[in-house]
Every structure is written in structure tokens, then in C-alpha cells.
Amino acid sequence: MSTTTQMMKGILDGCLLAIIKNKEVYGYELAEKLADYGFDNFSEGTIYPLLLRMQKESFVTSTLKKSTAGPKRKYYSLTEKGEEELRDFLERWNYLQTSVNNVLNHETVTRRSGNDD
Amino acid sequence: MIKQKVELSEKSRKFLEDLHVYLFSSGKNEKEMKEIVEELEDHFVEAEKNGKSIEHIIGQSPKNYMDEISAEMPVDYKAWFKYIPLIITGAFSFIIISDLFKGTLTYSLLEIVGFIVIVGIFLEGTSISFRYVSANDLNRKKEFSILFILGMLPMILFLALILLNSTIETPIVHFGITGTVIIAIIAFIFLTAFSIWTRSWVLIIFIALLSLPNFFLSFTALTESARLMTGTLITFAGIAIYLLIISRTDKSKRIKLP
């Protein structure tokens, strides 16, 4: 259980970086976007501990901006280090995706043909 | 800030307050605490506007969520190195001033070390119980008992120290008249500065309630044990009344958070 969430967090990290790179966003917006893309089975608040860590590691910076409705809002943007991290993530992700797909394609195919025999 | 300090459900409001207490008692940085609480408040307001429940945001366990946030925030040791001497000096003024009514100051080494240890234990105890109370959804009775035990803790420890002090011999430190006067002046300066800084009379009222009844009663014709009983009674009744007044006035301004 905890290992899957750990993996999930790593993936979410990458997705957050990608969204932030595209446009300066605030917390709620980020959560909405993730949900729109299909990540809707985890609690929205999960992003804040991740954002705190990414800030600590200086992948993102934040600025307070006045919003039209009410209090100041914290907007996140990507730093140079964050862009690097995003590139690394993409590499890791592509590698992982290719390997997993390879395994699944081959193994499920051979199994099926093996069962046919 | 002017108009939007609004429409947040009682549950979300309570969670944000609890989170603040939890982070504070975990020794986090004041500014960072305020930032994350405000950010979450903004999120809650938006989410509630769209009909989402608090569970949808923080998951099933508030405690787990608080832990996750807390884990990503560094402990603000710098601030605590400022606070802890302040608290220790405050605790010492407490003891010193009630003892001043009895004449010049003398303490055994064990007492001096014991005071510091008791303050340390009490601080750690406060931190643990506040984190526990804020992270777990307790009923009033349970919450009250935990805080009551916490309040009794220093008293029990002081009693233990008195007992220990009468059985174990350690070198005795005499401060003499000059020493006593200097310490008294430092204590008074500290208390005044502290009261001005916090804009609160709490420390002075507590000290007065602890030391004045016994002092004034010593002029009466009552027997020693009768004096002790009345004195203790006045002290506790006084503290109870003071806390009642405080909680009444606090409740009216409690709603606004950071």
C-alpha cells in the first residue's frame, strides 16, 4: 500500500511540474486540472505536501497575487532546477513506460499462445 | 480580506484551526504555518463552493494529512532558541517571586536543576498533548482530561522535587541580600517586559494569586494549617475565575484565524 502511494507521489510530482511549466497556477487550479486529466481517485489536498517539498528543493517558486475574489493567492511557477527535474522525469517515465509495455506485450502474448497449445 | 472572510463550514474551519495548533506545537516556522493554512483555506472555500466535502480534500484521516504537511516543513529551531530561555526565565520568576515573600533566596543545587528539568518536561508534555488533541477528534470530556493532566503535571513534579530535596543532600546556594535584590529586580523587569510584550496580565495575575493569599494570611490569627487551606483555596478559585473570564472573552474573537 505505502509503496504504491510512494510511486504515485513520484508520478504526481512529474505531472505537477508539467502543469506548472505550462502556466503559472494556484493550488485549487492544479487540483482541478489533475482531476480533469483523470486523476480523480485521490484526495485533492495531497498536492500541498508535494508542493511544499518541491518548494524546499527549489523546483518551484511561489508568488502571492491578489485575486479578484478575496484573499491573496499563492501562484506557483517553475524554476530552472524544476525544468531540469521535469526533463529527468520525462526520461525516467519514457524508460519505465517502454520497459513495462515491453514486458506486458511479450509476456501476455506468449502466455496466451502457450495456453493455446 | 475585507469581504471574503466568509462561508466556510464549521468542520473546515475547525480543521484549519487544529492544523495551526498542530504545526505550532510541532515547532514550525510562524510565517510558513500561516502561508499553508491560508492556502488551504482558499482551497476549502473554492471546494465548498463546488460542493466538495472536506474528506474529498484531506482524505479520511485528518491526523494523517496533518502529519504529511508537517513532515514537509522544517522545525524552526531558531525561534525556539529564543522562546525557551524566555519560558525558563518566566518559570523562574514565578518561583522566585513567591519565595521573595519568605525572605532571602536559598536553593539547593538539586532544586535549581530540578526546576529546569521540570520546565523541559512540561514544554515537551505541552507539545505532545496539543498535537494529540488537535489531530484527533476527541470529545470535550477527553480533551479536558488531557489538558487537566497536563496542568497538574508541573504541580506533581514540584511535589516530587520537594520530597526528593528533603531526602537527598546537595550543596546549597545562598544568594544573600544583595543577590536576592538583584534577582528580584531582574524578575520584575522580566515580568513587566513580558506583560507589555504579550499585552497580557496572565503571568502577573498567576503569580499574584499564588503568592499574595499566603502572604496576607500570615498576618491573620489563623493556625498554620487553616492558613494553608484558605490560601490554596483562594489561589485555585482565583485561577478558575480568571480562566473563565478569559475563555468568555476569547470565544467572541476566536473565529478569525491567522
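For the structure, see preceding data.
What counts, and at which threshold
Residues numbered from 1 in each chain as written. Chains lettered and ligands numbered in written order. Predicted model: local features only at pLDDT ≥ 70, side-chain atom pairs only at ≥ 80, totals over all residues. Heavy atoms only, no water. Helix = DSSP H or I, 4+ residues; strand = E, 2+ residues; numbered from the N terminus. Buried < 20%, exposed > 50% of the residue type's maximum accessible area, 1.4 Å probe, protein only. Contact = heavy atoms within 4.5 Å. Areas by Shrake-Rupley, 256 points an atom, 1.4 Å probe, with all protein chains shown as cover. Polar contact = N/O pair within 3.5 Å; in protein donor to acceptor, adjacent residues only side chain to side chain. Patch = residues over 30% accessible without salt bridge, like charges linked within 9 Å, V, L, I, M, F, W, Y side chains within 5 Å. Salt bridge = Lys/Arg side-chain N within 4 Å of Asp/Glu carboxyl O. Expected span 1.5 Å × (residues − 1). Phe/Tyr/Trp six-rings, centres within 6.5 Å; stacked < 30°, edge-to-face > 60°. Buried area = accessible area lost by both parts, 1.4 Å probe.

**Description of the overall build of chain B**
No. 1: Helix and strand counts for chain B come out as ten helices and two strands.
No. 2: Counted from the first residue to the last, chain B has its helices and strands arranged as α-α-α-α-α-β-α-α-β-α-α-α.
No. 3: Taking the principal axes of its C-alpha atoms as reference, chain B extends roughly 70 × 35 × 35 Å.
No. 4: The proportion of buried residues among the 258 residues of chain B is 33%.
No. 5: Partitioning the contacts of chain B with sequence separation of at least 6, the portion at a separation of at least 24 is 76%.
No. 6: As displayed, chain B has an accessible area near 16400 Å², and 70% of this comes from carbon and sulfur atoms.

**Looking at the side chain of Thr 180 of chain B**
All names here are of chain B.
No. 1: Mapped onto the fold, Thr 180 is located in helix 8 (residues 176-198).
No. 2: A relative accessible area of 7% means that Thr 180 is categorised as buried.
No. 3: There is a polar contact of 2.5 Å between the side chain of Thr 180 and the backbone oxygen of Gly 176.
No. 4: Beyond its immediate chain neighbours, meaning those up to four positions away, Thr 180 contacts Leu 100, Gly 103, Thr 104, Leu 105 and Phe 175.

**Details of a nonpolar patch on the surface**
Residues and elements named next belong to chain A.
No. 1: Residues Trp 93, Leu 96, Val 100, Val 103 and Leu 104 make up a contiguous nonpolar surface patch of about 420 Å² in total accessible area.
No. 2: Structurally, the position occupied by Val 103 is in helix 4 (residues 80-116).
No. 3: A residue is classified by how much of its surface remains accessible, and Val 103, at 48% relative accessible area, is partly exposed.

**A short note on helix 6 (residues 109-135) of chain B**
Residues and elements named next belong to chain B.
No. 1: The end-to-end C-alpha separation of helix 6 is 39 Å, in line with the 39 Å expected for 27 residues at 1.5 Å each.
No. 2: Every buried residue belonging to helix 6 is among Leu 110, Glu 111, Gly 114, Phe 115, Ile 118, Val 119, Gly 125, Ser 127, Ser 129, Val 133, Ser 134 and Ala 135, and all of these are buried.
No. 3: Of the surrounding elements, those touching the buried residues of helix 6 are helix 1 (10-25), helix 4 (62-71), helix 5 (77-100), strand 1 (106-108) and helix 7 (140-167).

**Section: the packing of aromatic side chains**
All names here are of chain B.
No. 1: Counting across every chain of the model gives 14 aromatic pairs over all chains.
No. 2: Relative to Phe 44, the ring of Phe 15 lies with its centre 5.9 Å away and its plane at 45°, an arrangement referred to as tilted. In this pair, Phe 15 sits in helix 1 while Phe 44 sits in helix 2 (residues 30-49), placing the two residues 29 residues apart along the sequence.
No. 3: Ring centres of Phe 206 and Tyr 242 lie 6.1 Å apart, and the angle between their planes is 80°; on these two criteria the pair is classed as edge-to-face.

**A closer look at the interface of chain A and chain B**
No. 1: The interface of chain A with chain B comprises 20 residues on the first partner and 24 residues on the second.
No. 2: For the pair chain A and chain B, the summed buried surface comes to about 2000 Å²; carbon and sulfur atoms form 51% of the total.
No. 3: Across the contact surface, chain A and chain B share eight salt bridges.
No. 4: The closest approach of N and O atoms between Lys 52 of chain B and Glu 32 of chain A, which form a salt bridge, is 3.0 Å.
No. 5: Summed over the shared surface of chain A and chain B, the number is 16 residue pairs in polar contact (both at pLDDT 80 or more).
No. 6: If you list the elements that add at least two residues to the side of chain A that touches chain B, you get helix 2 (27-36), helix 3 (47-56) and strand 3 (72-78) of chain A.
No. 7: It is helix 3 of chain A that contributes the most residues to the side of chain A that touches chain B, five residues altogether.

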